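Remarks on the overall topology
In case you want the letters, here they are:
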Amino acid sequence: MNDCLFCNIIDGKIGAKIVYSDKNILAFEDIKPQAPVHLLIITKKHIERVSEARKDDAILMGELCLVAAKLAREKGIESSGYRLVINCNKDAGQIVFHLHMHLLGGRSFNWPPG
Ligand code: AMP
Ligand code: ZN
């Protein structure tokens, strides 16, 4: 078994509440939600962090945003608002080293973040 948690979710070896899947992107519910809506949108390609994305990944990176916006619309949080977050490395608190975007909504958030 590959030791990447999110690759294992993609391969169906570890369960998750999947809400969206296409050729390049998968989205599922965060196991420890920090807001009423907390989804993770991930690339099916294993990229460890956003800083590893290359020019060839430009369309993929755009797809992450487009899927996040679509899911926000479907979850009914488009007009109330939502936050998209990509944590990169230690200071941002990245704990899973497979590129993912958090979609958070259903409550208001502070700015600047903690
Ligand atoms: P990050 O800090 O950006 O690396 O966030 C990783 C996220 O993955 C956290 O919000 C975790 O709650 C979430 N997470 C960890 N394990 C799982 C899992 N098995 N299924 C769904 N979400 C998970
Ligand atoms: Zn992976």
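Here's a quick rundown of the structure.

About the criteria used
Residues numbered from 1 in each chain as written. Chains lettered and ligands numbered in written order. Predicted model: local features only at pLDDT ≥ 70, side-chain atom pairs only at ≥ 80, totals over all residues. Heavy atoms only, no water. Donors = N, O, S within 2.8 Å, 3.2 Å for Na, K, Ca; no water. Tetrahedral: all angles 85-135°; square planar, octahedral: opposite > 155°, others 65-115°. Buried < 20%, exposed > 50% of the residue type's maximum accessible area, 1.4 Å probe, protein only. Helix = DSSP H or I, 4+ residues; strand = E, 2+ residues; numbered from the N terminus. Pairing = 2+ DSSP bridges. Axes fitted to C-alpha atoms, helices over the stretch in contact; angles between N-to-C directions. Contact = heavy atoms within 4.5 Å. Near = heavy atom within 4 Å. Polar contact = N/O pair within 3.5 Å; in protein donor to acceptor, adjacent residues only side chain to side chain. Areas by Shrake-Rupley, 256 points an atom, 1.4 Å probe, with all protein chains shown as cover. Nonpolar A, V, L, I, M, F, W, Y, C, P; charged D, E, K, R; others polar.

1. What about the coordination of the zinc ion (ligand 2)?
Looking at the metal site, the zinc ion (ligand 2) is ligated by Cys4 (SG), Cys7 (SG), His46 (ND1) and His98 (ND1), spaced 2.0 to 2.3 Å from it. One can describe the site at the zinc ion (ligand 2) as tetrahedral: its four donor atoms subtend angles covering 106 to 116° at the metal.

2. Here's the deal with the pairing of strand E3 (residues 37-43)
Taken residue by residue, a regular strand's side chains alternate between the two faces of the sheet. For E3, a buried count of seven out of seven residues is recorded, marking the element as mostly surrounded by other parts of the structure. Taking every second residue as pointing to the same face, both faces of E3 are buried, with Val37, Leu39, Ile41 and Thr43 on one and His38, Leu40 and Ile42 on the other. Note: strand E2 (residues 25-29) against E3, five bridges, orientation antiparallel. Residue pairing for E3: isoleucine 25 is matched across the bridge by threonine 43. Of the pairings in the sheet, the one linking E3 to strand E5 (residues 100-105) comprises six bridges and is antiparallel in character. By the bridge assignment, leucine 39 is partnered in E5 with leucine 103.

3. Looking at the sheet that holds E5
The strand order E1-E2-E3-E5-E4 describes an open sheet built from five strands, whose pairing is antiparallel. Looking at strand neighbours, the two that pair on one side only are strand E1 (18-21) and strand E4 (82-85), the edges of this open sheet. Recorded for the sheet is a direction-independent mean angle of 20° between the axes of neighbouring strands. Seen against the sheet, helix H2 (residues 58-74) touches E1, E2, E3, E4 and E5 and runs at an angle of roughly 155° to E3.

4. Focus: the pairing of E1
In this structure, E1 lies alongside E2, joined through three bridges in antiparallel fashion. Residue tyrosine 20 lies in a different strand from E2, and its bridge partner there is alanine 27.

5. Some remarks on the site of ligand 1
Lining the immediate environment of ligand 1, one finds 16 residues, of which Asp30, Gly93, Ile95, His100 and His102 sit closest. Isoleucine 95 places a main-chain nitrogen or oxygen 2.7 Å from an oxygen atom of ligand 1. If ligand 1 stood free it would expose 510 Å²; the protein chains cover 85% of that surface. Going through the elements one at a time, helix H1 (5-10), E2 and E5 are the ones with two or more residues in the shell around ligand 1. Looking at the shell around ligand 1, the element that brings in the most residues is H1, giving three residues. A per-class count over the shell around ligand 1 returns eight nonpolar, five polar and three charged.

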